[in-house]
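# Commentary on secondary and tertiary structure
Read off the chains here:
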Amino acid sequence: MQKSKLLLFRIYTRLIRYIPIRWGSFKRAPFSTRYGRDRGTVIDRGYIESFVHSHADAVTGRLLEIRDRDWSKRYGHDIVLSDVLDIDPSNVNATIIADLQDDDVLKPESYDCIICTQTLQYMADPKHVLGALFTALAPGGTMLVTVPGLQQIDHHLKDIDRWRFLPAGVESMAKEICSGVATFRVKSFGSTIATLGFIAGACKEELPEAKHAYDPFRPLIIGLEIRKWTDS
Ligand SMILES: C[S@@+](CC[C@H](N)C(=O)[O-])C[C@H]1O[C@@H](n2cnc3c(N)ncnc32)[C@H](O)[C@@H]1O
């Protein structure tokens, strides 16, 4: 660092501690125990949507989703099969009621696109389940996965909400599962304001300044795209 820049940086770090943080209404947080859904649009949904939307080309053919058909309804085209898996037997949208952690739940190479958003954190062994999903992906198929980064515990599923992820950890899991047989990419989403706001229970409409902010050190959501090679 240049001498003048270093001096300015030193002055800044000495002074910054005397500038008080104005916590304002954050002192009353959490504002919601439903991810802000009762106040407006859930903050992390925007990131998950933009991740799936950016891979809309892949949402085609034989599809598998978890809990509902939200993504295939929104982004699917030329759909041949639309399976929905859930462990919850009361889910009327589900075509497969099963525990993803059990062996042989899905047939190998049976889907062209698997969308597994916000589900791996409920698995005792997320890497094992990611591997089983990858096995169920047909050659040439795409898997779109999102997992929570810096987030609060799910009130509704608190007993099985087991894990939080970081981009390097997701990258390690993907490497172990599909190196040499697929191309994969990890992308994180979030910022100080979005991540703090989400944890505090605020909604998207309450944080318009979060829209264009990005901070790789405060990931709220981590997206993983895996494209299985045709000759794998
Ligand atoms: C938070 S939802 C996420 C899925 C949703 N498509 C989304 O938009 O993000 C998580 C779903 O995973 C299901 N789930 C939890 N543990 C499971 C397991 N071991 N096997 C299969 N489904 C499971 C829950 O019942 C719930 O429907």
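Summary of the structure given here. (Residues numbered from 1 in each chain as written. Predicted model: local features only at pLDDT ≥ 70, side-chain atom pairs only at ≥ 80, totals over all residues.)

For the rest of this paragraph, the subject is the overall build of the protein chain. On a plain count of helices and strands, the protein chain comes out with six helices and seven strands. Along the chain direction, N to C, the helices and strands of the protein chain fall in the order α-α-β-α-β-β-β-α-β-α-β-α-β. When the backbone C-alpha atoms are referred to their principal axes, the protein chain occupies close to 60 × 45 × 30 Å. Put simply, of all contacts in the protein chain between residues at least 6 apart along the chain, 65% involve residues at least 24 apart. (Helix = DSSP H or I, 4+ residues; strand = E, 2+ residues; numbered from the N terminus. Contact = placed C-beta atoms within 7 Å.)

Now for the site of the ligand. In the vicinity of the ligand there are 17 residues, among which Arg-67, Ile-87, Leu-100, Thr-117 and Gln-118 approach most closely. Class assignment for the residues of the shell around the ligand results in six nonpolar, four polar and seven charged. (Near = placed C-beta within 6 Å. Nonpolar A, V, L, I, M, F, W, Y, C, P; charged D, E, K, R; others polar.)

Okay, the sheet that holds strand β5 (residues 137–148) next. Within a sheet, each strand pairs with its neighbour through backbone hydrogen bonds, oriented either parallel or antiparallel. A sheet is described by the order of its strands in space; here seven strands give the open sequence β3-β2-β1-β4-β5-β7-β6, paired in mixed fashion. Strand pairing shows two members of the sheet lacking a second neighbour, β3 (96–97) and β6 (182–189), which therefore form its edges. Pairing of strand β2 (residues 77–86) with β3, which is carried by two bridges, proceeds in the parallel orientation. Each residue of the ladder has a partner; that of Leu-85, found in β3, is Ile-96. The strands touched by helix α4 (residues 126–136) are β4 (111–117), β5 and β7 (221–228); relative to β5, the strand with the most contacts, the crossing angle is about 150 degrees. (Pairing = 2+ DSSP bridges. Axes fitted to C-alpha atoms, helices over the stretch in contact; angles between N-to-C directions.)

With that settled, the discussion passes to helix α1 (residues 3–15). Each full turn of the α-helix corresponds to 3.6 residues, which orients residues three or four apart in the same direction. Taking 1.5 Å per residue as the helical rise, α1 with its 13 residues ought to reach 18 Å, and the 19 Å between its terminal C-alpha atoms agrees with that figure. Within α1, only zero of the 13 residues are buried, leaving the element largely exposed. (Expected span 1.5 Å × (residues − 1). Buried ≥ 20, exposed ≤ 12 C-beta atoms within 10 Å, placed from the backbone.)

By size, the foremost hydrophobic cluster in this structure holds 53 residues, and its most contacted members are Ile-114, Leu-133 and Ala-174. Apart from the residues lying within four places of it in its own chain, the contact partners of Ala-174 are Phe-184, Val-186, Leu-224 and Ile-226. (Core = buried A, V, L, I, M, F, W, Y, C linked by C-beta atoms within 7 Å.)

The next thing to look at is the environment of Glu-176. Considering the arrangement of structural elements, one finds Glu-176 in helix α5 (residues 167–178). Sequence-wise, Glu-176 and Leu-150 are 26 residues apart; in three dimensions their C-alpha atoms are separated by 23 Å.

Before going further, it helps to examine the environment of Leu-133. Along the chain, Leu-133 turns up in helix α4. Residue classification places Leu-133 among the buried residues on the basis of 24 C-beta atoms within 10 Å. Considering only alpha carbons, one finds Leu-133 and Glu-109, 24 residues apart in sequence, at a separation of 9.3 Å. Leave out the neighbours within four places in its chain, and Leu-133 touches Ile-114, Cys-116 and Met-143.

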